[in-house]
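For reference, the chains in residue letters:
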Amino acid sequence: MPAATATSPWYKHLWPWIIIAILTCSVTLSLTMVTIAVKNPDNLVNDNYYEAGKGINRSLERELLAQTLQLHANVQLDDVTGEVDLRLNGNSRPQTLELSLISPTQPEKDRKVVLTRNDSEPGRYVGQLTDKIEGRRFVELLGVESDQTWRLFEEEQISHDQAILLGDEPLQGAEDLKK
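Conventions used here
Residues numbered from 1 in each chain as written. Predicted model: local features only at pLDDT ≥ 70, side-chain atom pairs only at ≥ 80, totals over all residues. Heavy atoms only, no water. Helix = DSSP H or I, 4+ residues; strand = E, 2+ residues; numbered from the N terminus. Buried < 20%, exposed > 50% of the residue type's maximum accessible area, 1.4 Å probe, protein only. Lys, Arg positive; Asp, Glu negative; His and termini not counted. Salt bridge = Lys/Arg side-chain N within 4 Å of Asp/Glu carboxyl O. Contact = heavy atoms within 4.5 Å. UniProt positions renumbered as here; feature names shortened; annotations may be inferred. Core = buried A, V, L, I, M, F, W, Y, C linked by side-chain atoms within 4.5 Å.

## So, the side chain of Arg-137
Tracing the chain through its elements places Arg-137 in strand S6 (residues 135-145). Buried charge without a partner: Arg-137 forms no salt bridge, and the closest opposite charge is Asp-110, 6.1 Å away. Those residues within four positions of Arg-137 in sequence are excluded, and the remaining contacts are Leu-101, Ile-102, Ser-103, Pro-104, Lys-109, Glu-154, Glu-155, Glu-156 and Ile-158.

Have a look at this one:
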């Protein structure tokens, strides 16, 4: 009969410590991910899809009004002075226009400019930006004609001293709304 040997305690073996390390690392990383998710919520998700869908229809109606008024705009952004020079062609001449430059992914980079009509030149509107704008943006131009709001909206790539043309692309998704 072989002699009985004393076994060493569990904490002197390598494998229990490897298993404990894996479990500790998993718990630590899980808690870190939960903390990050709680502190940085996703602000691009819309919980109310029905309201967003109604908003899309309202947008299409405003864009159809702009199309009916035959509106086109040429926007120049001066990088040095920050001046926004807009030339509006069509059958609408409101006193002010609202130009929004919307970043698709970073709301802190959104810019809104109120443009006022220049009385000496018909169709010219001027405003002021506070900082330089570059990259991909959704460009939205809003105006009012006969108590109805019209809208020109396009996705544009904004770069140095390049004109932005609004109203030059066909209106997508409104084929069934035309009267």
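Next comes the rest of the write-up.
## Overview of the UniProt feature "transmembrane region" (unreviewed entry) in the protein chain
Listed under "transmembrane region" (unreviewed entry) in the UniProt record, and renumbered for this structure, are residues 14-38. Span residues 14-38 is 100% helix and 0% strand, its end C-alpha atoms 37 Å apart.

## Some points on the pattern of salt bridges
This structure, assessed with the given rule, holds 10 salt bridges. When the shortest N-O distance is used, the salt bridge between Arg-124 and Asp-85 registers 2.9 Å. Taken together, the residues Arg-124 in strand S5 (residues 124-128) and Asp-85 in strand S2 (residues 83-89) connect sequence positions 39 residues apart. Judged by relative accessible area, which is 15%, Arg-124 ranks as buried. Exposure remark for Asp-85: the relative accessible area of 14% places this residue in the buried category.

## Here we look at the nonpolar core
In this structure, Leu-86, Leu-88, Leu-115, Leu-141 and Trp-150 are the most contacted members of the largest nonpolar core, which totals 25 residues. Contributing elements (two or more residues each) for this core: helix H2 (49-68), strand S1 (72-77), S2, strand S3 (96-102), strand S4 (111-117), S6, strand S7 (148-158) and strand S8 (164-166). Apart from the residues within four sequence positions on either side, Leu-86 is in contact with Ala-73, Asn-74, Val-75, Leu-97, Leu-115, Gly-123, Arg-124, Tyr-125 and Leu-141.

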